[in-house]
Amino acid sequence: MGLFSGSFGTGLVTGLASSVDKSLRTAMDKRDKEISSARQFWQQRQAQKMDLAEARDKRTNSALDRMIDEMDGDVAKGVAAFKAAGGSVEQVESFIAALDETRNSGLEYNIQDKLKLDGVDLSQYGDLTREKAYKGFATEVKGVDIQMKDMSGLANIGLGMKDMGKGISESINKLIPAREREAIEGITGGVLDRSGLITSERYKREVVAAVPNMKTQMSANLYQINNGTDLMGKDLTEGDVTKLELENAKLLTQIGNLAKAETAATDSGPTLTEISSLYTKGLSQLQTDLGFEVNSSTGVMTIQGPEGSILEGPDAQSYWKKQKDAWKSDFVQTSIFDASGNYVSSDADFAARSLGLGNVASSVRESLVQAPPAEDTPPPAASSSVQDKPKTTAEKVKANPNKYVADVFAANPSTPPENVRAALLAAGVPTDQIDTIINNATALLGG
């Protein structure tokens, strides 16, 4: 009889089978619980992501609707404005908040005027709807990709799961599909000019409030002129530079009005006020003569070019700078220096530097001081008396200003009076006599 025969053997086999079956079931139950726990965790996490994405999309769609409405319902322009305002819901909401605050404060700001779409072709987006636009900014949520190994030990008996995480991922992604964005290509490159928003104006006021006096303000203006950017780092156009130059001239006039109380005041020659006044009038007249204009909405400069042609944009800025630089050189030569290259007054040096004419003044002065005599002009004969020394142009003008003015107008009746006035000031003709001399000369010319 065998060792495990009979009822003992049968009972032993049955017992072993029951024990293995119980251990196997315990391992499988444990694995099932792990799978269930993992599925519940990742499903809840994915659902939370979906809730956050839907909430964000609600804000995004609201902000996008606002930008579209600002563009009178033009969806493509609204999308361009949304992207120009930052492209994310946080940035656009911040822009809208500043916009509302600006308007509530009584200031005007029109997004249509401020949105620059140079090089952006919106003609191909005529059929773009709000629903399509919403999808273009939708918050993406990727499907889950769970990496999970079967650690139950069932693989040892051929019952393991090769990629346990894949099955869980598939079941969750089927229940909660991924969210995808349908990007709108091409509507990029728009620029939104934020100048005029109350946040920008407030910052400017804070900068100005930090300026302790007019001279510091002038220095701040000169800094912007010389660097070609404003205090916020934005590039300046030639129109912006000209505006700052005229502003400095006005500030210099104000300083000149207080000159008697400051060390810059002078007893003779043209004063700060007179020099800055001549500068303002001359530069303003140059703007008028050349038809200088800057469109308040687009910021584009137009100017009358050679032979009456109308220049626009970069061409206008280049031509204006060339003409302005030439005018500055003439102004310095007639209003800052005399014929010998000396300052017409002790105020002239400060005036030139304050008006941003320092480099021009250095160049002009060098040409005046170092200019050699003409080759065919013999040197003046030696003189034993001061009375025999030839008079300079300034001395001749001062000696007989009436004749000088009469000769100038006789030679060229269209000579601007401010140029004549500058020459008289440079020669040292008393200020209270200049207007009378010019008026008498023009009256005789008219008669």
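Residues numbered from 1 in each chain as written. Predicted model: local features only at pLDDT ≥ 70, side-chain atom pairs only at ≥ 80, totals over all residues. Heavy atoms only, no water.

Q: Is there a simple way to think about the overall build of the protein in this case?
A: On a plain count of helices and strands, the protein comes out with 17 helices and five strands. Out of the 447 residues belonging to the protein, those deemed buried represent 35%. Put simply, 71% of the contacts in the protein that link residues at least 6 apart link residues at least 24 apart. Put simply, the protein shows about 26,900 Å² of open surface, and 51% of that area lies on carbon and sulfur atoms. (Helix = DSSP H or I, 4+ residues; strand = E, 2+ residues; numbered from the N terminus. Buried < 20%, exposed > 50% of the residue type's maximum accessible area, 1.4 Å probe, protein only. Contact = heavy atoms within 4.5 Å. Areas by Shrake-Rupley, 256 points an atom, 1.4 Å probe, with all protein chains shown as cover.)

Q: Would you explain the packing of aromatic side chains in this entry?
A: In total, this model carries eight aromatic pairs according to the counting rule given. Judged by centre distance (6.2 Å) and plane angle (70 degrees), the rings of Phe 95 and Tyr 109 are edge-to-face. Residue Phe 95 is found in helix 3 (residues 89–104), and its partner Tyr 109 is found in the loop between helix 3 and helix 4 (111–114); the two are separated by 14 residues along the sequence. Tyr 109 sits in the buried class, given a relative accessible area of 4%. Chaining the aromatic ring pairs together yields one cluster made of Tyr 279, Trp 327 and Phe 331. (Phe/Tyr/Trp six-rings, centres within 6.5 Å; stacked < 30°, edge-to-face > 60°.)

Q: How should I be thinking about the nonpolar core in this particular structure?
A: Looking at soluble globular proteins, one finds that nonpolar side chains tend to be buried together. Judged by nonpolar contacts, the single largest core of 46 residues is most densely connected at Tyr 279, Trp 320, Phe 331, Ile 336 and Leu 424. At seven residues, helix 11 (residues 314–336) tops the list of elements feeding residues into this core. With near-sequence residues (within four places) excluded, Trp 320 lies in contact with Glu 238, Thr 242, Leu 283, Leu 286, Gln 287, Leu 290, Phe 292, Met 301 and Ile 303. Judged by nonpolar contacts, the second largest core, of 32 residues, contains Met 71, Phe 95, Ala 98 and Leu 128. (Core = buried A, V, L, I, M, F, W, Y, C linked by side-chain atoms within 4.5 Å.)

Q: I keep staring at the environment of Thr 415 and nothing clicks. Help me out?
A: Its location among the elements puts Thr 415 in the loop between helix 15 (401–411) and helix 16 (417–427). Using a relative accessible area of 14% as the deciding quantity, one classes Thr 415 as buried. Look past the residues within four positions of Thr 415 in its chain and what remains in contact with it is Val 408, Phe 409 and Val 420.

Q: What am I meant to see in the sheet that holds strand 3 (residues 293–294) here?
A: Taken in spatial order, the three strands of this open sheet run 3-4-5, and their pairing is antiparallel. Looking at the sheet topology across the chains shown, the edges are occupied by strand 3 and strand 5 (310–312). (Pairing = 2+ DSSP bridges.)

Q: I tried to follow helix 10 (residues 272–289) on my own but got confused; where do I start?
A: Since the α-helix turns once every 3.6 residues, residues separated by three or four places project in the same direction. Over its 18 residues, helix 10 runs 25 Å from end to end, which matches the ideal 26 Å to within 8%, given 1.5 Å per residue. Of all the positions in helix 10, only Leu 272, Glu 274, Ile 275, Ser 276, Leu 278, Tyr 279, Thr 280, Gly 282, Leu 283, Leu 286 and Gln 287 are classed as buried. (Expected span 1.5 Å × (residues − 1).)

Q: Is there a simple way to explain the environment of Val 141 in this structure?
A: With respect to the secondary-structure elements, Val 141 resides in the loop between helix 5 (130–136) and helix 6 (164–175). The class for Val 141 is buried, based on a relative accessible area of 6%. Sequence-wise, Val 141 and Met 50 are 91 residues apart; in three dimensions their C-alpha atoms are separated by 7.0 Å. Not counting chain neighbours up to four residues away, the residues in contact with Val 141 comprise Gln 46, Lys 49, Met 50, Ala 53, Ala 178 and Arg 179.

Q: How do you make sense of the environment of Glu 293 when you look at a structure like this?
A: With respect to the helices and strands, the residue Glu 293 is situated in strand 3. Its relative accessible area of 52% is what places Glu 293 among the exposed residues. Taking the C-alpha atoms as reference, Glu 293 lies 9.6 Å from Gln 304; in sequence the two are 11 residues apart. Every residue in contact with Glu 293, bar those within four places of it in the chain, is listed here: Val 300, Met 301 and Thr 302.

Q: Help me out: how do you make sense of helix 6 in this one?
A: If you check helix 6, its first and last C-alpha atoms are 18 Å apart, about what 12 residues at 1.5 Å a residue would give, namely 16 Å. Residues Met 164, Gly 165, Ile 168, Ser 169 and Ile 172 constitute the buried set of helix 6. The buried residues of helix 6 occupy an angular sector of 125 degrees when projected down its axis, which confines them to one face. (Arc of directions from axis to C-beta.)

Q: Honestly, the pairing of strand 4 (residues 301–304) in this entry has me stumped. Any pointers?
A: Two faces, one strand: in a regular strand the side chains alternate between the faces of the sheet. Residues Met 301 and Ile 303 point to one face of strand 4 and are all buried, whereas Thr 302 and Gln 304, pointing to the other face, are not buried. Across two bridges, the pairing between strand 3 and strand 4 is antiparallel. Each residue of the ladder has a partner; that of Val 294, found in strand 4, is Met 301. Note: strand 4 against strand 5, three bridges, orientation antiparallel. Among the inter-strand pairings, Gln 304 is bridged to a residue of strand 5, identified as Ile 310. Between strand 4 and strand 5, which pair antiparallel one after the other, the connecting turn spans five residues, and Glu 307 there sits at a positive phi close to 60 degrees.

Q: Honestly, the pattern of salt bridges in this entry has me stumped. Any pointers?
A: Should their charged atoms come close, side chains of opposite charge can pair. For the coordinates displayed, the defined rule picks out 14 salt bridges. The partner of Asp 65 in a salt bridge is Arg 130, with the nearest N and O atoms 2.8 Å apart. Of this pair, Asp 65 sits in helix 1 (residues 6–70) while Arg 130 sits in helix 5; the two residues are 65 residues apart in sequence, bridging distant segments of the chain. Assessed through its relative accessible area of 25%, Arg 130 is described here as partly exposed. With a shortest N-O distance of 3.2 Å, Asp 193 and Lys 234 are connected by a salt bridge. Here Lys 234 lies in the loop between helix 8 (214–227) and helix 9 (238–257) and Asp 193 lies in the loop between strand 2 (191–192) and helix 7 (198–209), a separation of 41 residues in the sequence. Linked by salt bridges that have partners in common, Arg 66, Glu 70, Asp 100 and Arg 103 make up one network. (Salt bridge = Lys/Arg side-chain N within 4 Å of Asp/Glu carboxyl O.)

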